[in-house]
Amino acid sequence: MEIENAYFRAMPNRRTTINDLPPDVLLLILYEVFQERLRYYRTGQHGDDLVPVSPHDKHVSDRSRCSAEYLASVCPLWRFSMSSRSIFWAQLVVWTGRDATPLSLIREYLEWSRERPLHIYVLRRFDPSTVDHAEKAHVKAIVELLLPHVKRWKVLSIKLLHSSSLPCPRFDLVGLAENLIQLNLDFIVDDVVSRSAEAPSPVGEFETPLLEELSIGGVHFREAYMEAFPRSSIPLQLRRLALTGYMSPQVRFPLVDLLTALLTCKDLCALYLENIQLDVSVANTPFPHSSAWKWHVEIIDFIDISGDVIEEFHRLLRYPMSQLASYTRCSMPTREPSEPTDRGSFAAGLAEIASPGALLYYVTLVGHDVLEMTIKDSAGLQPEVLRALAKPTSPEGDDPYWLCPNLVELHITGCRQFRSADLRAALEARLIAHEATDFAIPDDPDFVLRSVEALYVHDCGELAPDDKEWFDKNVEHVRWDDWEGGSWRPMVS
């Protein structure tokens, strides 16, 4: 109180401000303002769970509004008042690069947070005009301050410019992180290389018995979790795993080894793989786990992955069922692709697929059960792909089948290599085939395919008048740029 009185006495002839409120009232107001900012990032049933960042969002955004510092920096009185309440400091936002957070301030945050579980965000303030050569040393100093509090970590999210600046589990991150549920070690530039055989060994274990979400570079993942597998396995309770970048041909990273380890994660529901060069050089590698058929991941996302890796991934796992399968900038396999199976995904996303052959391969791969398909910014969506959807395929010696026979909803964005007439012809052929079975549904013995019921097209060129009229009469829900129509109309009372 003496400090507060001295602060006020130093300001004679002043106007009444919020700082004239009793300290407990001022703290209550500051707390409500702080909680309002945090509320935008909260989700789920638990009030202190933060929305996880997309594993493929490599652009560091300004999350300083999630920190109490924006309030504490207003004036000394506010900082003094807030320092007495640990709730303000349970979330730490630490900046590297331009205007970096001083280490002395991090020490204060950790002291003021008392014994509360910590949500820690270490972010690089992006400045394209400079390159921070001291990033690695600065992050190392930050991690050394944080490690004594490892038992309190609940979220540790580090997003930097260079992958080589990130700490590696078991090498830089050690100890019992008994409360950690989310670990993100993300980067923009992938410059880390695999350690040589003469490199230092891990310094200890990094135990994370509650970890549910892990986002990490491919090199660090292999060294931290695969080198010692199965003696030191990946967290068995993982639900979301994102692996980004592996460009170390001198050290092989076999796909079969990765999948063998992942099969131990019985609760895994989302897998994201981006720009990882996995080794599939041995054709038709046997897979030792009969449980592969039972492996069910709800979301599978491939970005910049070789078609050969994707083909072998699905073959080894016996074409796992998923809620959503997504393929972005993925190539066509060089080996002979497998025939379609009756397993696949209920929804599929295809983006930036350049060639018609590759796009048709992924349309086929998503399988029999796909209900909703999104094709975005893909030059490969050309008339021949739409023609393949407009008639049954008849492989030599096999019965004819329709591609994606359960497809009922189609989204197309930014694809300009086809005309509206090409799309209409495909949908019209599927409607005629569906009508020929008296509109049989999947459980009917006469079922062949379903007709598309919803069509959404954006930035794909002109909609011809005749095609517009057909879509309006024969597709239940249609949107083409700014025009909306469709045969389904709400009843007017």
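Residues numbered from 1 in each chain as written. Predicted model: local features only at pLDDT ≥ 70, side-chain atom pairs only at ≥ 80, totals over all residues. Heavy atoms only, no water.

Turning our eyes to something else, we now look at the overall build of the protein. Across its full length, the protein carries 13 helices and 17 strands. Surface summary for the protein: the accessible area is close to 23,900 Å², and the carbon and sulfur share equals 53%. (Helix = DSSP H or I, 4+ residues; strand = E, 2+ residues; numbered from the N terminus. Areas by Shrake-Rupley, 256 points an atom, 1.4 Å probe, with all protein chains shown as cover.)

Under the counting rule described, the total for this entry stands at 13 aromatic pairs. Ring geometry for Phe302 versus Tyr327: centroids 5.4 Å apart, planes at 10°, classification stacked. Of this pair, Phe302 sits in strand 10 (residues 299-303) while Tyr327 sits in strand 11 (residues 322-328); the two residues are 25 residues apart in sequence, bridging distant segments of the chain. Three or more aromatic residues link up through ring pairs in this structure, and these residues are Phe302, Phe313, Tyr327, Tyr361 and Tyr362. In this structure, Arg125 packs its charged tip against the face of Trp95, placed 4.1 Å from the ring centre. (Phe/Tyr/Trp six-rings, centres within 6.5 Å; stacked < 30°, edge-to-face > 60°. Lys NZ or Arg CZ within 6 Å of the ring centre and 35° of its normal.)

Moving on: the pattern of salt bridges. Under the defined criterion, the tally for this structure stands at 18 salt bridges. Between Glu135 and Arg124 there is a salt bridge, with the nearest N and O atoms lying 3.6 Å from each other. Highlighted residues: Glu135 in helix 6 (residues 135-146) and Arg124 in strand 2 (residues 118-125), separated in sequence by eleven residues. Among the ionic pairs, Arg450 bridges to Glu453, the shortest N-O distance being 4.0 Å. Since its relative accessible area comes to 21%, Arg450 is described here as partly exposed. When salt bridges with common partners are traced through the structure, they connect Asp304, Arg329 and Glu352 into a single cluster. (Salt bridge = Lys/Arg side-chain N within 4 Å of Asp/Glu carboxyl O. Buried < 20%, exposed > 50% of the residue type's maximum accessible area, 1.4 Å probe, protein only.)

On to the side chain of Thr208, then. Relative to the assigned elements, Thr208 resides in the loop between strand 6 (206-207) and strand 7 (213-217). In this view, Thr208 contacts Ala177, Leu180, Pro235 and Gln237; residues no more than four positions away in its chain are not counted. (Contact = heavy atoms within 4.5 Å.)

On to the side chain of His314. Mapped onto the elements of the fold, His314 is located in helix 9 (residues 307-316). Within the structure, His314 has its side chain in polar contact with the side chain of Tyr327 (distance 3.0 Å). Ignoring anything within four residues of it in the chain, the contact list for His314 reads Phe302, Tyr319, Pro320, Tyr327 and Leu365. (Polar contact = N/O pair within 3.5 Å; in protein donor to acceptor, adjacent residues only side chain to side chain.)

A contiguous patch of negative charge, built from Glu435, Asp438, Asp443, Asp444 and Asp446, is present on the exposed surface. The topology assignment puts Asp444 in the loop between helix 12 (420-436) and strand 15 (454-458). (Patch = residues over 30% accessible without salt bridge, like charges linked within 9 Å, V, L, I, M, F, W, Y side chains within 5 Å. Lys, Arg positive; Asp, Glu negative; His and termini not counted. Charge placed at Lys NZ, Arg CZ, Asp CG, Glu CD.)

This next bit is on the environment of Val297. The residue Val297 is located in the loop between strand 9 (270-276) and strand 10 in this model. For Val297 and Pro320, which are 23 residues apart along the polypeptide, the C-alpha to C-alpha distance reads 7.7 Å. Beyond its immediate chain neighbours, meaning those up to four positions away, Val297 contacts Leu268, Cys269, Ala270, Leu271, Met321, Ser322 and Gln323.

The next thing to look at is the pairing of strand 13 (residues 372-376). The two faces of strand 13 differ: Met373 and Ile375 on one face are buried, but Glu372, Thr374 and Lys376 on the other face are not. Across five bridges, the pairing between strand 12 (residues 345-351) and strand 13 is parallel. Bridging across to strand 13, Ala348 finds its partner in Met373. Following the chain from strand 12 across helix 10 (residues 356-365) to the adjacent parallel strand 13, one finds a crossover that is right-handed. One ladder, built from five bridges, connects strand 13 with strand 14 (residues 409-413); its direction is parallel. Pairing of Ile375 across the sheet is with Ile412, part of strand 14. (Pairing = 2+ DSSP bridges. Right-handed = clockwise from strand over helix to strand, strands pointing away.)

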